[in-house]
Amino acid sequence: MCRRFFQNAAVWIGCCTAVLASGTTASDCLAVELPTQLRRPVSLLLDAEDHYLYTANRRSGSISVIDTTTRQTIGEWPVGQRLADLVAGPEGQMFAVDEEAGQLLRLSTTAGEVSVQERLDVGPDPVAATIAADGRGFLSSRWSRRLITVQIDAQSMRVLRRIDLPFAPRELLLLDNEAKLLVADTHGGQFLIVDAASGKVLHDYTLPAHNIRGLARSADGKMLLMAHQMLNDLAHTVHNDVHWGLLMSNDLRWLPLRHLLAGAEDLYHGAHMHPLGDASRAAADPAGIAVAANGVVVVALSGVDEVALGREDDFTLERLAVGRRPVDVVVDRRSRFAYTANQSSDSVSVVDIVEQKTVAEISLGPAPERTAVDRGEELFHNGRLSLDGWMSCHSCHTDGHTNGLMSDNLSDYSFGAPKRVLSLLGVAGTAPFAWNAGSATLKEQIRKSITNTMQGSKEPPESQVADLAAYLKTLKAPPALDQLREQADPDAIDRGSRLFTSLSCRNCHAPPLYTTPETYDVGLQDQIGNRKFNPPSLIGVGQRGPFFHDSSAATLRDVFQEHGHRLDHSLEPQELSDLLAFLRSL
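Residues numbered from 1 in each chain as written. Predicted model: local features only at pLDDT ≥ 70, side-chain atom pairs only at ≥ 80, totals over all residues. Heavy atoms only, no water.

Engineer: What is the right way to look at the pairing of strand E11 (residues 126–131) in this model?
Structural biologist: Consecutive side chains along a regular strand alternate between the two faces of the sheet. Here E11 lies mainly inside the structure; 6 of its 6 residues are buried. Taken together, E11 and the strand that follows it, strand E12 (residues 136–141), pair antiparallel across an intervening segment of 4 residues, in which glycine 135 is found at a positive phi of about 95°. (Buried < 20%, exposed > 50% of the residue type's maximum accessible area, 1.4 Å probe, protein only. Helix = DSSP H or I, 4+ residues; strand = E, 2+ residues; numbered from the N terminus. Pairing = 2+ DSSP bridges.)

Engineer: Explain the packing of aromatic side chains here, please?
Structural biologist: Between two aromatic rings, the relevant description is the distance of the centres plus the angle of the planes. For the structure on display, the rule yields 7 aromatic pairs. Judged by centre distance (5.2 Å) and plane angle (55°), the rings of phenylalanine 500 and phenylalanine 582 are tilted. With a gap of 82 residues between them, phenylalanine 500 in helix H9 (residues 490–502) and phenylalanine 582 in helix H11 (residues 573–585) connect regions that are remote in the sequence. The exposure classification of phenylalanine 500 matches that of phenylalanine 582, with both residues buried. A centroid spacing of 6.2 Å and a plane angle of 65° characterise the contact between tyrosine 514 and phenylalanine 582, whose relative ring orientation is edge-to-face. Here tyrosine 514 is found in the loop between H9 and strand E35 (520–521), whereas its partner phenylalanine 582 is found in helix H11, with 68 residues between them in sequence. For tyrosine 514, a relative accessible area of 10% corresponds to the buried category. (Phe/Tyr/Trp six-rings, centres within 6.5 Å; stacked < 30°, edge-to-face > 60°.)

Engineer: Can you help me understand the domain arrangement of the chain in this one?
Structural biologist: Many descriptions give the size of an interface as the accessible area lost when the pieces come together. Segmentation of the chain into domains returns domain 1 (35–204), domain 2 (372–474) and domain 3 (481–585). A separation of 25 Å is found between the C-alpha centroids of domain 2 and domain 3. Taken residue by residue, the interface counts 22 residues in domain 2 and 21 residues in domain 3. Summed over both sides, the interface of domain 2 with domain 3 buries roughly 1,500 Å², with 60% coming from carbon and sulfur. (Domains from an automatic or database assignment. Contact = heavy atoms within 4.5 Å. Buried area = accessible area lost by both parts, 1.4 Å probe.)

Engineer: Whenever I open this one, the pattern of salt bridges confuses me. Can you help?
Structural biologist: Side chains carrying opposite charge are able to pair once their charged atoms draw close together. Tallying each qualifying case throughout the model produces 35 salt bridges. A salt bridge links glutamate 99 to arginine 58; its shortest N-O distance comes to 2.7 Å. Placement of glutamate 99 in the loop between strand E8 (94–98) and strand E9 (103–110) and of arginine 58 in the loop between strand E4 (52–57) and strand E5 (62–67) is noted, with a sequence separation of 41 residues between them. A salt bridge links arginine 59 to glutamate 377; its shortest N-O distance comes to 3.1 Å. Of the two residues, arginine 59 sits in the loop between E4 and E5 while glutamate 377 sits in helix H4 (residues 372–380), which places them 318 residues apart along the sequence. Residue classification places glutamate 377 among the buried residues on the basis of a relative accessible area of 14%. Each of the salt bridges in this network shares a partner with another, and the network as a whole consists of Arg40, Arg59, Arg324, Arg370, Asp374, Glu377 and Glu378. (Salt bridge = Lys/Arg side-chain N within 4 Å of Asp/Glu carboxyl O.)

Right under this line is the structure:
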């Protein structure tokens, strides 16, 4: 009564279409045999009847299907390489974003079975999507820093335009009857309001925020909800400042949409905020948001394995335990149940909104024993490594990169001189670590980060340190921006490379990693008089900013044009252009 599917020698079994279509439930079919693999669910979507719940799985590139009545996983379907998002389209269609393949997938769903109808190449590193009722689609391309617009018709899809952005985008939200689009920064607190028809940027906002991982409209359509974190560079990484949430806070912000759409300078008039967590019980890394039709809001607290739920006028939100690292959440149309995608436990939790309790955790299938890298990835996103659960490694090093902000974290053995958070992408082989080269090994720096910066309640065991180091060594430097945008000029890069050598930049930034293990006095000084700094690797420098330990150079151009960094003469315009072209190519 069931059909077998073979993919890479694994057996995939889905209950037969004929049986399900006849009204028989999945529990009446033979039990499914699912492959043994890590899935890492990242996005959820309910069908129009709330009967099937679909999960997009990042690691396995598959779609899992859950019968919400029996609360069982009834199938798993390989559709891509590395899925990042799952969204609804016109007429009940389902679409997936394949980050690794650089594609938008149109999926066919019949009685719980999933297959790919069409693949559209959209460009590198798409990480999120949203689709309007008329078939206009929008994708955020993180490392190419672009918004990609597509047209989805009944039989075909096509790319309409690629719009360059000033930041690496992620979360998207259609507003104003789908006439406008909010595009949020992956790492920092910037976001744009874009005209959905023309792609023109209408308004550009910056909030004291980072890690914007949840966007939603309130049930009455009047407020924008945004889940994010805030890092305070005036606070110190000491027990008191961490415990009371002075260093890092986790927040659900409410902003009046009429102000945003009108381009108001004062975003805070009529706005308010729910602090997520408090002393002794913090809420690291808020992620996905879902708003029920009755006004109840559910926020995934990914760093502490919980959800928070309540209404806008509630003084505090109720918190419930779910699976490990919930990153996305959806609510059914009856406002009865919420479902969370638990990335670290390969599961989906079911939360009864009315009774305010977690009623089930559904496994997506058997998993192999975790490797050191797998365990390290889970630890990297685990807020419970910090005091009271205020932050994880991901909180400052977003996706392994950087939130671009300043932190006074004792890495220079003193307080009073906050320094820019360094990227961890491409960190392997770049010892020593920290701005003052204070950690000779990656493991030493990890221990300091947990005990000093995060104020962990106890010394981390060697096994955790080793696992985190194993994971960090797998993080690759981000791809060069100009290459991703197909704007690289080989001749300019070659001239810039020769200029880089003639200016003796290699003395501090020696290839192939474009760093050296020493500290140097390069004419910079922090707020307490430190003058010697270790040069960060220049690999991926075009994807970073601001620059210098104190973020005093807003752009790579400013490093030379405004600060004259290590130059004994001013560069001619062509020389500066060539040097920047070379640096952006690394």
